[in-house]
Amino acid sequence: MLVVKPVEHADVSQCIAIRVDALGSLVIGRPPPYPGYVEEAEAAVHANLDDPDSFVRHLKVVDLTDPDEVMAYAKWELYPNGRSKENLEKLKEPLSEEDKSVDQYGALREAAHEYFCTRNGEMGKHPHLLLALLVTAEQHRRKGAGGLLVQWGLDKQKETGLNCYLQASEQGRRLYRHYGFQDMDTVVFDLEKYGLKGVERMTEMIRYPTKSGKKDG
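All residue numbers refer to position in the chain's written sequence, counted from 1. Thresholds applied to this predicted model are a pLDDT of at least 70 for local features of residues and 80 or more for the giving and counting of side-chain atom pairs; totals over whole chains, interfaces and linings are not thresholded and use all residues. Side-chain figures throughout are based on the complete set of non-hydrogen atoms in the structure, without hydrogens or water.

Colleague: Looking at this structure, how should I read the overall build of the chain?
Modeller: Starting at the N terminus, helices and strands are each numbered in turn, a helix being any DSSP run of H or I of at least four residues and a strand any DSSP run of E of at least two. In terms of helices and strands, the chain carries seven helices and seven strands. Along the chain, helices (α) and strands (β) appear in the sequence β-α-α-β-β-α-α-α-β-α-β-α-β-β when read from the amino end. This radius of gyration counts C-alpha atoms alone. The globule rule is 2.2 Å times how many residues there are, raised to the power 0.38. For the chain, whose C-alpha radius of gyration is 17 Å, the value lies close to the compact-globule estimate of 17 Å for 217 residues. Dimensions of the chain along its principal axes, counting C-alpha atoms only, are 45 × 45 × 35 Å. Taking all 217 residues of the chain together, the buried fraction comes to 47%. Only the protein chains shown count as cover for residues, with accessible areas throughout obtained via the Shrake-Rupley method and a probe of 1.4 Å. As displayed, the chain has an accessible area near 11,900 Å², and 49% of this comes from carbon and sulfur atoms. Charge-centre separation for the chain: the mean point of 29 positive side chains lies 8 Å from the mean point of 35 negative side chains. A 1.4 Å probe rolled over the protein chains alone gives each residue an accessible area, and that area as a share of the maximum for its type sets the label: buried under 20%, exposed over 50%, partly exposed in between. When charges are counted, Lys and Arg contribute as positive and Asp and Glu as negative, whereas His and the chain ends are disregarded. In plain terms, the charge of a residue is placed at NZ if it is Lys, CZ if Arg, CG if Asp and CD if Glu.

Colleague: Sorry, what's going on with helix α6 (residues 145–160) here?
Modeller: Each full turn of the α-helix corresponds to 3.6 residues, which orients residues three or four apart in the same direction. What a helix is expected to span follows from its residue count: subtract one and scale by 1.5 Å. For α6, with 16 residues, the first-to-last C-alpha span of 23 Å sits near the 22 Å given by 1.5 Å per residue. Ala145, Gly146, Gly147, Leu149, Val150, Gly153, Leu154 and Gln157 are the residues of α6 that are buried. Just downstream of α6, Gly161 is the residue with a positive phi angle, here 75°.

Colleague: Help me understand the nonpolar core in this model?
Modeller: The nonpolar side chains of soluble globular proteins are, as a tendency, buried together. Core analysis: the largest hydrophobic core is formed by 21 residues, its most contacted members being Leu131, Leu134, Leu149, Val150, Leu166, Tyr176 and Phe181. Going through the elements one at a time, β2 (56–63), β3 (72–79), β4 (128–136), α6 and β5 (163–168) are the ones with two or more residues in this core. With near-sequence residues (within four places) excluded, Leu149 lies in contact with Val4, Leu59, Lys60, Val61, Ala72, Tyr73, Ala74, Trp76 and Leu134. We call a set of buried residues a nonpolar core when its members are Ala, Val, Leu, Ile, Met, Phe, Trp, Tyr or Cys and they connect through side-chain atoms within 4.5 Å of each other. Core analysis: the next-biggest nonpolar cluster, separate from the first, contains 16 residues, Val12, Tyr37, Val45 and Val135 among them. Whether two residues are in contact is decided by their heavy atoms, any of which lying within 4.5 Å being enough.

Colleague: What is the right way to look at the pattern of salt bridges in this model?
Modeller: A pair is scored as a salt bridge if a Lys or Arg side-chain nitrogen falls within 4 Å of a carboxyl oxygen belonging to Asp or Glu. Under the criterion given, the structure shown has 14 salt bridges. Note that Glu204 is salt-bridged to Arg119, the shortest N-O span being 3.6 Å. Placement of the pair is Glu204 in strand β7 (residues 199–207) and Arg119 in helix α5 (residues 106–123), with a sequence separation of 85 residues. The salt bridge partner of Arg173 is Glu170, with a shortest N-O separation of 2.9 Å.

Rendered as structure tokens:
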């Protein structure tokens, strides 16, 4: 039986390993992790778990027959009053030179930073629930674990009446549509410009708090 549970400190290394395996160090283009990336990512999760006032919910899916193995990992962010003024101002800050120089993909990191911060900042002016991350371990894909983590947010939507929002890669788009999310806008990143191959399509998606997930009227 698969269940959703809060991530605990002992789970963090597994969660970040799944994230790196699925996304590298960045969802756009999936460049490999730079030196220190894993430690930084783990520290950020530990800090959230230690903060009783955190708006972030780190969640995992486990099988009760083997509850120590994390099958899938998600990060939902809850903004019942929108983002704080301080948070919105921080999203306007450009990527630091230090963060751009961690590897040869600095220009891609800058473009991704602008994409996510601009869109999260605009949505952050309004109350909403943000699915910031969803990854499933390769050996556990197509077992329904990812869907359980989406459903956690939809259950929270029923409680709060808030819109659910996310930015989806092409891989995740079909899953989110199944749960009633609809496209808002798609941006295509030409990865050739950044030293990688192919393109990456990122789509903003929203689900309204109605039975169908669509906006009334």
